[in-house]
Amino acid sequence: LHRPGDFFSEAIAGYVAASVVAWAALACVTCGGSGSKRCPGRDLALPLLVAWVMSMEKVMNSGMGRLAPGERLTELQWVWLPLLVGILTLLGGALNLYSMEHQSTHTFVPAVFGFQATIMGLQCALFGEFRDMPVWRLVSWSCGMILAVLGTFLVGLSEGSDSDSKDEESLCSCSETELGA
C-alpha cells in the first residue's frame, strides 16, 4: 500500500460501510425490549456484534502488514490505521466484558467463535483470497463454514430454552427497583 486509497478498495470500503450500519442495527436489537417483547434473534445479536467488531479489527490489522516498503505507520497518512486497530480492539474487549455480564458464557463463547469463523471466511471470499485455491480446498472450507454456522444456530437455540439466562431483563434499561418505582 502506497496511500490510504490503496487500502480502501471498492470492496473494502463497501464492506466497512455496511458493517457500521449492521453494527448499529445489532446494537438496537441487543438493547431492545424485555419479556414477551423480545426479538427472537436477540440471543445471537450480541455474539454476532462482538465477532464482527473483532473481525473488522483483523481486516485493519492486515492492512498494517501490507504497507509498501519504505512506508511507516508513524507517517501522518498511516497513523490512523494503528489507532483504528487500537479502538476496535478496545471496543471488542469492552463488548466481551459487557457480554459476560449479560449472557451465559456457555452459549456466548461458542456463538462468537462460530460467527467469527464465518465472518472471517466471508471476508476472505469478498476480498478475493480464494481466487487461486484448488476446488477440493474450497469444498473443504465450505463444509467447515456450514458446520460453524450450524453449530452457532444450535447454540442460539439452546440459549433460548435456557432458564438460567442472565438476559431476562433488557440489557439497556433499568429494572423498576433501580428506578425507585
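Treat the numbers as computed from the prediction; the structure is a model and nothing was measured.

Q: It is not clear to me how the layout of surface pockets should be interpreted in this structure. Could you clarify?
A: To find leftover empty space, a probe the size of one water molecule is rolled over the atoms. The calculated volume of the largest pocket comes to roughly 350 Å³. If you trace the largest pocket, you find 15 residues lining it, with Ile 12, Ser 62, Arg 66, Phe 127 and Glu 129 closest to the centre. Looking at the lining of the largest pocket, the elements with two or more residues in it are α1 (4–7), α2 (10–30), α3 (42–64) and α5 (105–126). Taken together, the residues of the lining of the largest pocket sort by class into 8 nonpolar, 3 polar and 4 charged.

Q: Please clarify how the pattern of salt bridges should be interpreted in this entry.
A: Applying the stated criterion across every chain, the model contains 3 salt bridges. Among the ionic pairs, Glu 57 bridges to Lys 58, the shortest N-O distance being 2.8 Å. Judged by its relative accessible area of 39%, Lys 58 is partly exposed. With its nearest N and O atoms 3.7 Å apart, the salt bridge here joins Arg 66 to Glu 129. Of the two residues, Arg 66 sits in the loop between α3 and α4 (80–102) while Glu 129 sits in the loop between α5 and α6 (135–161), which places them 63 residues apart along the sequence. Exposure remark for Glu 129: the relative accessible area of 44% places this residue in the partly exposed category.

Q: Even after reading the chapter, I still don't get α3, so can you show me in this structure?
A: Given 3.6 residues per helical turn, the α-helix brings residues three or four places apart onto the same face. With 23 residues, α3 ought to run about 33 Å at 1.5 Å a step, and its terminal C-alpha atoms sit 34 Å apart, in line with that. Along α3, 18 of the 23 residues are buried, which leaves the element largely enclosed by surrounding structure.

Q: So what exactly am I meant to see when it comes to the confidence of the model for the protein chain here?
A: One rule of thumb: low pLDDT means the predicted coordinates there are not for detailed reading. Per-residue confidence for the protein chain gives a mean pLDDT of 79; residues scoring 70 or more make up 80%. Per-residue pLDDT stays below 50 along residues 163–179; that stretch engages in 29 contacts with residues further than four places along the chain or on separate chains.

Q: Help me understand the side chain of Gln 123, please; the structure alone is not making it clear to me.
A: Of note, Gln 123 is situated in helix α5. A relative accessible area of 6% means that Gln 123 is categorised as buried. In this structure the side chain of Gln 123 is engaged in a polar contact, spanning 2.7 Å, whose partner is the side chain of Tyr 15. Setting aside anything within four residues of it in sequence, one finds Gln 123 in contact with Tyr 15, Ser 55, Met 56 and Val 59.

Q: Would you mind going over the nonpolar core with me for this structure?
A: Buried together is how nonpolar side chains tend to be arranged in soluble globular proteins. Trp 23, Trp 52, Met 56 and Met 60 are the most contacted members of the largest nonpolar core, which totals 31 residues. Looking at this core element by element, the count peaks at 11 residues for α3. Those residues in contact with Trp 52 that sit more than four places away from it in its chain are Tyr 15, Ser 19, Ala 22, Trp 23, Leu 26 and Ile 119.

Q: I keep staring at α4 and nothing clicks. Help me out?
A: Taking 1.5 Å per residue, 23 residues should reach 33 Å; α4 reaches 32 Å between its end C-alpha atoms and fits that length. Residues of α4 that are buried include every one of Leu 81, Val 85, Leu 88, Gly 92, Leu 95 and Ser 99, and no others. On the buried face of α4, the contacting elements are α2, α3 and α5.

Q: Quick question: what am I supposed to make of the packing of aromatic side chains here?
A: Aromatic ring pairs are described here by two measures, namely the spacing of the ring centres and the angle between the planes. Following the criterion strictly, the structure yields 5 aromatic pairs and no others. An angle of 80 degrees between the planes, with centres 5.0 Å apart, marks the rings of Phe 7 and Phe 8 as edge-to-face. Owing to a relative accessible area of 33%, Phe 8 belongs among the partly exposed residues under this scheme. Here a set of aromatic residues connected by ring pairs shows up, and it is made of Phe 7, Phe 8, Trp 78 and Trp 80.

Q: Help me out: how do you make sense of a nonpolar patch on the surface in this one?
A: A cluster of nonpolar side chains, namely Leu 76, Val 79 and Leu 83, defines an oily patch on the protein surface of about 320 Å² accessible area. The residue Leu 76 is located in the loop between α3 and α4 in this model.

Q: For this particular structure, what's the right way to read the environment of Asn 96?
A: Along the chain, Asn 96 falls in helix α4. Taking the C-alpha atoms as reference, Asn 96 lies 9.4 Å from Val 109; in sequence the two are 13 residues apart. Not counting residues within four places of it along the chain, the set of residues in contact with Asn 96 comprises Val 50, Met 54 and Phe 108.

Conventions adopted
- Residues numbered from 1 in each chain as written.
- Predicted model: local features only at pLDDT ≥ 70, side-chain atom pairs only at ≥ 80, totals over all residues.
- Heavy atoms only, no water.
- 1 Å grid on protein atoms, 1.4 Å probe; cavity = no way out; pocket = protein on both sides within 12 Å on 5 of 7 lines; lining within 4 Å.
- Points joined across faces, edges and corners; volume = space filled by probe spheres on them.
- Helix = DSSP H or I, 4+ residues; strand = E, 2+ residues; numbered from the N terminus.
- Nonpolar A, V, L, I, M, F, W, Y, C, P; charged D, E, K, R; others polar.
- Salt bridge = Lys/Arg side-chain N within 4 Å of Asp/Glu carboxyl O.
- Buried < 20%, exposed > 50% of the residue type's maximum accessible area, 1.4 Å probe, protein only.
- Expected span 1.5 Å × (residues − 1).
- pLDDT = per-residue confidence, 0-100.
- Contact = heavy atoms within 4.5 Å.
- Polar contact = N/O pair within 3.5 Å; in protein donor to acceptor, adjacent residues only side chain to side chain.
- Core = buried A, V, L, I, M, F, W, Y, C linked by side-chain atoms within 4.5 Å.
- Phe/Tyr/Trp six-rings, centres within 6.5 Å; stacked < 30°, edge-to-face > 60°.
- Patch = residues over 30% accessible without salt bridge, like charges linked within 9 Å, V, L, I, M, F, W, Y side chains within 5 Å.
- Areas by Shrake-Rupley, 256 points an atom, 1.4 Å probe, with all protein chains shown as cover.

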